[in-house]
Amino acid sequence: MASAVRAGQRLRQAVEGGELAGLPAGLRTELEAALASEGALVPFSLLRGLHAALREAESPLYLHELLEGSEIHLPEVPVPPRNPELVARLERIKAKLANEEYRRMTRNITGQQMNGTLAKFGRQVRSVKAVVITIFNFIVTVVAAFACTYLGSQYVFAETAARVLSAVIVASVVGLAELYVMVRTLEGDLGKL
């Protein structure tokens, strides 16, 4: 945390030029000693005293004018040395996590190829299962669109024929959109038809 100011040219001129002659002698001596020290660091406590003395003396100088060109001195924070035991433990944990991630990525990779009849049958079952789920999803979507439109149109149409007609139109539009998406998905390449 900052506790001092590196004095600027304006503060040096005021101290050396006698502009602060109306201040108490002890404060002037402290200021001169601070400016003569290495780096010309003036502590905040001395600046508070200077501010109070300027107010009491009713000086035409203000503290902010004297501090023009000054910089806040921020001491460097010493970095504590790292504990070698902690560093070794962190390295072990990193290695363990990397091995777990590698095992997770390669857990379903085997050196054997499955070319038997059961492997072909399994692939076919997965393929058929995907098609059946897609068709079921299509049917449920179209039926839900019909039902929602039929029930929702009762506030617009009083006749049943108009409600059924509007429900069929909406279900057809939803069905066509679903077919389009299904064909592009089953084809595999989303950019080609």
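Each value, and the rule that gives it
The written sequence of each chain sets the order in which its residues are numbered from 1. With the structure being a predicted model, the display of local features is reserved for residues of pLDDT at least 70 and the display and counting of side-chain atom pairs for 80 or more, all residues being used for whole-chain, interface and lining totals. Think of the side-chain values as coming from all heavy atoms in the structure, minus any hydrogens and water. In this text, helices come from DSSP runs of H or I with a minimum length of four residues, and strands from runs of E with a minimum of two, each type numbered from the N-terminal end. By this rule the span expected of a helix is its residue count minus one, scaled by 1.5 Å. Each residue gets one of three labels from its accessible area relative to the maximum for its type: buried under 20%, exposed over 50%, partly exposed in between, using a 1.4 Å probe on protein chains only. Contact criterion: two residues are considered in contact whenever any of their non-hydrogen atoms come within 4.5 Å of each other. Without a salt bridge and with relative accessible area above 30%, a residue can belong to a patch; like charges are then joined within 9 Å and nonpolar side chains (Val, Leu, Ile, Met, Phe, Trp, Tyr) within 5 Å. Where accessible areas are quoted, they stem from the Shrake-Rupley method and a 1.4 Å probe; at the residue level, only the protein chains shown are allowed to cover. Put simply, a salt bridge is a Lys or Arg side-chain nitrogen that is within 4 Å of an Asp or Glu carboxyl oxygen. A fitted line through C-alpha atoms represents every axis, and for helices the fit uses only the stretch in contact; the resulting angles, taken between N-to-C directions, go from 0 to 180 degrees. Angle categories: roughly parallel below 35 degrees, roughly antiparallel above 145, roughly perpendicular from 65 to 115, and oblique for all the rest. Handedness of each helix crossing follows the sense of rotation of the near helix against the far helix: counterclockwise by less than a right angle gives left-handed, clockwise gives right-handed. Each residue is assigned to one class: nonpolar for Ala, Val, Leu, Ile, Met, Phe, Trp, Tyr, Cys and Pro, charged for Asp, Glu, Lys and Arg, and polar for all the others, Gly among them.

1. Some remarks on helix α6 (residues 117-152)
- An ideal rise of 1.5 Å per residue puts 52 Å on 36 residues; α6 measures up with 52 Å between its terminal C-alpha atoms.
- If you check which residues of α6 are buried, you get A119, A145 and T149.
- Tucked inside the fold, the buried residues of α6 contact α7 (160-187).

2. Regarding the side chain of S153
- Relative to the assigned elements, S153 resides in the loop between α6 and α7.
- Given a relative accessible area of 6%, S153 falls into the buried group.
- Ignoring any residue separated from it by four or fewer positions in sequence, one finds S153 in contact with R163 and S166.

3. Let's talk about a nonpolar patch on the surface
- On the surface, V131, I135, I139, V143 and L186 cluster together into a nonpolar patch covering about 430 Å² of accessible area.
- The dominant element in the nonpolar patch, judged by the number of residues it contributes, is α6, at four residues.
- Looking at the secondary structure, you find V131 in helix α6.
- Taking relative accessible area as the criterion, V131 reaches 35% and is therefore assigned partly exposed.

4. Overview of the packing of helix α2 (residues 25-36) against helix α3 (residues 44-56)
- Where α2 contacts α3, the two axes come as close as 11 Å, and the packing angle between them is 140°. Classed by the angle they form, the pair α2 and α3 counts as oblique. In this structure, α2 meets α3 at a crossing whose hand is left-handed. Only L46, G49, L50 and A53 of α3 make contact with α2, whose side of the interface consists of L27, E30, L31 and A34.
- Residues that form the contact of α2 with α3 fall into these classes: six nonpolar, one polar and one charged.

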